[in-house]
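Understanding the architecture of this molecule
As a plain string of letters, each chain reads:
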Amino acid sequence: MRKIALSFFLLLLSVSLFGQRYSFIQYSLKEGLTQSQVRTLYQDKNGFIWIGTLGGISKFDGKNFESFNRQDGLLNNQISAFLELESGVMLAGSSGSISRIFSNKVESIAFENDLSESAVNAMFADETGRIWIGTENGICFLEKNGELTYPIDKSEPFTSHIKAFVKSADGGFLIITKERIFKWVNQGITRFYDPENSEINFFDAEIDGEGTLWLATKGAGLMSLDKNGNVKIHGEDIGLEAATITGITPDNKGNYWLSSRFGFYLFEKGNTTYFDQNNGLRTPDIRDILCDNEGNIWLGTYGSGLLRFTGRTFFAYTKADGLSSDAVMSITTDASGKIWFSTFDQGVCELRKDTIVHYSLNSSSGNDRVWTSLRDKNGTMWFGSPIGLFKFENNKFKEIIEEDSLPDPIILSLYFDSQDRLLIGTAKGLCYYKNGEIRTIKNIRGYPETRIRNIKEDRAGNIWLATRTGVFKMTKTEFESFGEEQGLPDKTIYCVEVDPQNRVWIGTQNGLALYNGTGFTSMDVDEAGGSNSVNFLKYHNGFLWLGTNNGLYSLEVGERTKEKSMIKRHYGLEDGLLSLETNLNAVFVDENEKMWFGTAEGVMALDLLRLKERDERTPPKIVITSVQLNFLNPDWSKFKAVVDSASGLPVDLNVGYKNNHFTFQFTGISTTYPADIRYQFLLEGFDEDWQALTKSNFITYSNLPYREYRFKVRAVNRFGVFSEPAVFRFSINPPFWLTWWFILLEVAAAVGLLSMILYVRRRVLKARFERERLEMRSRMLTLEQQSLNSNMNRHFIFNALNSIQYYINRQDRMAANRYLSDFARLIRKNLDSSQETLTPLREEMERLELYLKLEHMRFKDKFEYAIHISSEVSQDAVKVPAMLLQPFLENSIWHGLLPKETPGKVEVNIWQKEGSLHMVVEDDGVGIENSLKSKVDTDSHISKGMSITKSRIDLIKKLTPDRIELIGPQQVYNEDGSVKGTKVEIIIPVNFHELF
């Protein structure tokens, strides 16, 4: 039990408010800048920033510097002007010389005569491609052939101190000299403007879209000259007090940035904003200003190197600006809208219009720390400190002391709930203040006796507490505890926030969590170290703001935003933060849409209205910087390739099949967020699709097949905006044995060889075929001769002669003559047919008719015969093999009919069907089986004749593709099963091919 008498002493110290402090990122020698005294800045079409210093040239891609000096080919290191040619070649002007920079090489040309030591101030390419070089002692020209020429005219402006060239709307251009302005139009020069005050000197000029010429001067500050010739000096009317402006640079919003030896100005909407050392500028001597293609402002300083102004979206107040301490732990506003900062060790600061007022806490303990603060609806200011609760009203500070009323005197958090209670979070639990009394709530079940760091209320009236042992939800009856078992990423809780959708967000030392009604869904803030230590949460206008140990993050969590589609943004040093480390629950949004938050190096303010104006859609640039072949940097001229004059890379490269290892190096240029650039590449002809994003700025393709390729690479910035791809075309030629002409020769040789082989083989096959043909013909002739001999066997001739003798002895001269005549005709026809393979069907039938007639005369009462030929068969056109049926007729007579006890009959039937000629010999003799039983050896010649005929038919089959069949001889039966006779059928083509 103790009572501490405390009091506040107001206005112990008032400090002048010097101004808002902005962030300037410095690049000097330790970052790679060649020298700290910068004279000129230029950005080329690829996005590289060229810095001209007194020690040479630096080429900057946002991350790395590449330097050029006298050792690389410069004649003088004092660089004062740049110009990029249409070819991409850079021109650098120095004292007494001009240099061409291409393919990372430098070629320099020295000035002559009066210009031998003159510094180049400006360069300009006219409509003919001629380069005007303006120096402090006059003008010279760089012609299209690369030679320097000098004007014959020695009058003004050719011998004047040239400051700038400005292109005019009418196709001409203005020549700005130190004393006056000239105009070049239609190949002639006229005097454009002479100032009335001879003490006014010109430094720089720009023309706006309305044709007004804006001039940076000495003696008149900023001047304007409209197209009607009206001159106006701009000074105090726009808030510009400086009489000397050394440079003027337009930005991409139509504003002008003015440089001077005492800082720089922003001329915006008719007013100026001044920036000097009080705003964080390291040196006031600004020699040049550049607005790059992403809208960033770069400052070339005289002694502090290159500075990037991060803009006015973020600004700060630090101890150097009047704060009592850089460690701001809580922020709030009073009823008049003034900002109050509670510090870690130096009391409270009030931010007034032009001063910062300090309030110090005097006590016997000497503790001047304030953890938390807020303003209630009545306008009363409340402060929580390690020694109790205080309020400020009626310009007085009052300590709220109650005997044994606080769980602990260390007050860490304050919050007014919907019941008009001031909830007080202490180091050992929670209590509240209402109606002039501090009341305990230890009687509620589950009361947390731990450090209460942050307090929020949801729309159901539940109170959420961020503690060192988890999250607690206080209802009317109990405290419900949530820890890692319920899905929190960590039990150490720093902050809590409830959004308009009544979603509860939890910030822990190891990530962010979202309450889903029963448990928590955890998510990492970022991969970078310190990002997951969430020090404060603040919802505002659809965005959840997270203060971490790696800067500030915003999460788009609007009403229609799904959890998986939340857009996250990171803000760090490159955006204007003085420190990445934010302070616990030190965040506040004022009525002017400025979000204030405490950091380790002062209090920061984020202008949310300016943040909305930021354009994040600007794509990065991408450049292929090097192409290696087989891991070497080759001399491309050896490949007979056209080399791009600016990059030094070959155009449409053509290499042999052994040069199939390519390494591509590239750089993506984002001057705002260079560390976040990632790359994606595609080798058309090899890759099927774009490869995965990577931070690596090189890729090697090995063992590429021979074909045409297009290597494409693109950069993507932190917002997912892709650059236009850079393209390198090349082709790998096949080996000569796989070229089209060699393959054509191979094919021709193969065809020739194959043709020769086929020709030889054809001749061999033809010879073999002819040989086999002759052999077969010989065999055929032999068979035919045998057939003839068989048909004309001795028994037949002997029997025929006996029959003739029989008729003579009977003195039947008529029968003898008839028989002899028919016998002679048969012999003659047989002899005639032996000379031909095929014979007309008519002649063959006549021969068979003679044969049957002779046999019938011999055996009058033994058999009858008949020959039937279909009318559709053309007997003269159809040809058949000679003596093909005679053996079968003879067989029918001798072995079928003669052994028969009763007279028999033999028939020959011939018809045509489906292109085939059917020839059938049929008898009603004893049949094959009975004939074989009674057959004697002397009759074997008949069977031999039939065998020869069958062999003839088999041989004919081999010699022709036509259908030829021999069916039988076969035995024919009656319906009762008795033997009817014998039948044989021969089928040959109607159009029988001549084979011999």
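All values reported here derive from a predicted model rather than from experimental measurement.

About the criteria used
Residues numbered from 1 in each chain as written. Predicted model: local features only at pLDDT ≥ 70, side-chain atom pairs only at ≥ 80, totals over all residues. Heavy atoms only, no water. Helix = DSSP H or I, 4+ residues; strand = E, 2+ residues; numbered from the N terminus. Buried < 20%, exposed > 50% of the residue type's maximum accessible area, 1.4 Å probe, protein only. Contact = heavy atoms within 4.5 Å. Areas by Shrake-Rupley, 256 points an atom, 1.4 Å probe, with all protein chains shown as cover. Pairing = 2+ DSSP bridges. Axes fitted to C-alpha atoms, helices over the stretch in contact; angles between N-to-C directions. Expected span 1.5 Å × (residues − 1). pLDDT = per-residue confidence, 0-100. Phe/Tyr/Trp six-rings, centres within 6.5 Å; stacked < 30°, edge-to-face > 60°. Lys NZ or Arg CZ within 6 Å of the ring centre and 35° of its normal. Core = buried A, V, L, I, M, F, W, Y, C linked by side-chain atoms within 4.5 Å. Patch = residues over 30% accessible without salt bridge, like charges linked within 9 Å, V, L, I, M, F, W, Y side chains within 5 Å. Salt bridge = Lys/Arg side-chain N within 4 Å of Asp/Glu carboxyl O. Polar contact = N/O pair within 3.5 Å; in protein donor to acceptor, adjacent residues only side chain to side chain. Parallel < 35°, antiparallel > 145°, perpendicular 65-115°, else oblique. Left-handed = near helix turned anticlockwise from the far one by under 90°. Nonpolar A, V, L, I, M, F, W, Y, C, P; charged D, E, K, R; others polar.

Here we take up the overall build of the protein. Across its full length, the protein holds 8 helices and 73 strands. Burial analysis of the protein (996 residues in total) assigns 52% to the buried set. Long-range pairs, those at least 24 residues apart, make up 54% of the contacts in the protein between residues at least 6 apart in sequence. As displayed, the protein offers around 47600 Å² of accessible surface, 47% of which is attributable to carbon and sulfur atoms.

What the 4 strands build is an open sheet, ordered β35-β36-β37-β38; its pairing is antiparallel. A single partner strand is all that each edge strand has here, and the edge strands are β35 (372-375) and β38 (396-400). Between one strand and the next, the sheet's axes are offset by a mean angle of 20°, whatever the strand orientation. Sheet topology note: the strand β37 (residues 388-393)/β38 ladder contains 5 bridges and is antiparallel. If you follow Phe 392 over to β38, its bridge partner there is Phe 397.

Relative to the 26 Å expected for 18 residues at 1.5 Å per residue, helix α5 (residues 841-858) spans 26 Å between its end C-alpha atoms, a close match to the ideal helical length. All buried positions along α5 are accounted for by Leu 841, Glu 844, Met 845, Arg 847, Leu 848, Leu 850, Tyr 851, Leu 852, Leu 854, Glu 855, Met 857 and Arg 858.

So, on to the pairing of strand β46 (residues 479-482). Looking along a regular strand, one sees side chains alternate from face to face of the sheet. Judged from the 4 bridges that link them, strand β45 (residues 470-474) and β46 form a sheet pairing that is antiparallel. Bridge pairing in β46 links Val 471 to Phe 482. Hairpin remark: β45 followed by β46, antiparallel, with 4 residues in the connecting loop.

Once that is clear, we can look at the confidence of the model for the protein. Residues at a pLDDT of 70 or more form 88% of the protein, whose mean pLDDT is 87. Strand β4 (residues 49-53) holds the highest mean pLDDT among the elements of the protein, 98, whereas strand β1 (residues 7-16) holds the lowest, 39. Counted against residues more than four places away or in other chains, residues 1-17, with its pLDDT under 50, gives 47 contacts. For residues 937-942, every residue scores under 50 in pLDDT, and the model assigns this stretch 9 contacts once sequence neighbours within four places are set aside.

To continue, consider the packing of aromatic side chains. Tallied over the entire structure, the rule returns 67 aromatic pairs. When the ring of Tyr 709 is compared with that of Phe 730, the centres are 5.2 Å apart and the planes differ by 20°; the resulting orientation is stacked. Taken together, the residues Tyr 709 in strand β65 (residues 708-716) and Phe 730 in strand β66 (residues 726-732) connect sequence positions 21 residues apart. For Tyr 709, a relative accessible area of 3% puts it in the buried group. Through a chain of ring-to-ring contacts, three or more aromatic side chains come together here, namely Phe 662, Phe 664, Phe 666, Tyr 679, Phe 681, Phe 686, Tyr 701, Tyr 709, Phe 711, Phe 728 and Phe 730. Residue placement shows Arg 421 over the ring face of Tyr 432; its charged tip is 4.9 Å from the ring centre.

Once that is clear, we can look at the nonpolar core. Note on soluble globular proteins: their nonpolar side chains tend to be buried together. Membership of the largest hydrophobic core comes to 31 residues, with the highest contact counts inside it found for Leu 841, Leu 885, Leu 889, Leu 917, Met 919 and Ile 986. Looking at this core, the elements with two or more residues in it are α5, α6 (886-897), β70 (904-913), β71 (916-923), α8 (940-959) and β73 (979-989). Ranked by residues supplied to this core, first place goes to α5 with 5 residues. Setting aside anything within four residues of it in sequence, one finds Leu 917 in contact with Leu 841, Val 873, Val 878, Val 880, Ile 910, Trp 911, Ile 986, Ile 987, Ile 988, Pro 989 and Val 990. One finds Leu 281, Ile 286, Cys 291 and Leu 323 within the second-largest nonpolar core, a separate group that totals 28 residues.

What follows is about the pairing of strand β50 (residues 520-523). With 4 bridges connecting them, strand β49 (residues 511-515) and β50 associate as antiparallel partners. Of the residues in β50, the one forming a bridge with Ala 513 is Ser 522. Connecting β49 to the antiparallel partner β50 that follows it, the hairpin turn spans 4 residues, and Gly 517 within it adopts a positive phi of roughly 110°.

Looking now at a nonpolar patch on the surface. Residues Tyr 657, Tyr 706, Phe 736, Trp 737, Leu 738, Trp 740, Trp 741, Ile 743, Leu 744, Leu 745, Val 747 and Val 751 make up a contiguous nonpolar surface patch of roughly 1200 Å² in combined accessible area. Take Leu 738: its relative accessible area is 33%, and that puts it in the partly exposed class.

It is worth spelling out the sheet that holds strand β19 (residues 201-207) at this point. The antiparallel open sheet is built from 4 strands, whose spatial order is β19-β20-β21-β22. What marks the edges here is a single partner per strand, and that holds for β19 and β22 (231-234). Taken over all neighbouring pairs, the strand axes of this sheet differ in orientation by 25° on average, direction set aside.

On to the pattern of salt bridges. For the coordinates displayed, the defined rule picks out 30 salt bridges. The salt bridge involving Glu 684 is made with Arg 710; its shortest N-O contact spans 2.9 Å. Of this pair, Glu 684 sits in strand β63 (residues 678-684) while Arg 710 sits in strand β65, placing them 26 residues apart in sequence. What makes Glu 684 partly exposed here is its relative accessible area of 25%.

With that out of the way, let us pick up α6. In an α-helix, one turn spans 3.6 residues, which is why side chains three or four residues apart end up on the same side. In this model α6 runs 15 Å from its N-terminal to its C-terminal C-alpha over 12 residues, within 8% of the 16 Å that 1.5 Å per residue would give. Most of α6 is tucked away: 11 of the 12 residues are buried. The set of residues buried in α6 consists of Gln 886, Pro 887, Phe 888, Leu 889, Glu 890, Asn 891, Ser 892, Ile 893, His 895, Gly 896 and Leu 897.

By secondary structure assignment, the location of Pro 250 is in strand β23 (residues 247-250). C-alpha separation for the pair Pro 250 and Ile 207, spaced 43 residues apart in sequence, amounts to 9.3 Å. Non-local contacts of Pro 250, meaning those with residues more than four positions away in its chain, are made with Glu 206, Asn 255, Tyr 256 and Cys 291.

Moving on: the side chain of Ser 325. Residue position: Ser 325 is located in the loop between β30 (314-317) and β31 (328-333). The exposure class assigned to Ser 325 is buried, which follows from its relative accessible area of 6%. Side-chain polar atoms of Ser 325 contact the side chain of Asp 345, separated by 2.9 Å.

Now for the side chain of Ser 670. Inspection of the secondary structure assignment puts Ser 670 in the loop between β62 (662-669) and β63. On the accessibility criterion, Ser 670 (4% relative accessible area) is buried. Polar side-chain contacts of Ser 670 include one of 3.4 Å to the backbone nitrogen of Tyr 673.

Looking along the chain, the bond that leaves Glu 156 and enters Pro 157 is cis, with omega of 0°. The amide bond that connects Gly 968 to the next residue, Pro 969, takes the cis arrangement and shows omega of 0°. Mapped onto the elements, Pro 969 comes out in strand β72 (residues 965-973). Although it is not a glycine, Ser 103 adopts a positive phi angle of roughly 55°. Tracing the sequence through the fold places Ser 103 in the loop between β9 (97-102) and β10 (105-110). A positive phi is found at Asn 630, a non-glycine position, where the angle reads about 55°. Relative to the elements of secondary structure, Asn 630 occurs in the loop between β58 (621-629) and β59 (642-643).

Mapped onto the fold, His 161 is located in the loop between β14 (148-149) and β15 (162-167). Considering only alpha carbons, one finds His 161 and Ser 118, 43 residues apart in sequence, at a separation of 9.8 Å. In this structure the side chain of His 161 is engaged in a polar contact, spanning 3.3 Å, whose partner is the side chain of Asn 121.

A few words now on the packing of α5 against α6. Where α5 meets α6, the closest approach of the two axes is 11 Å, and the angle between their N-to-C directions is 15°. Accordingly, the angle class assigned to the pair α5 and α6 is roughly parallel. Judged by the twist between their axes, the crossing of α5 over α6 is right-handed. Residues Leu 848, Tyr 851, Leu 852, Glu 855 and Arg 858 of α5 pack against Gln 886, Leu 889, Glu 890, Ile 893 and Trp 894 of α6. Class assignment of the residues belonging to the contact of α5 with α6 gives a composition of 6 nonpolar, 1 polar and 3 charged.

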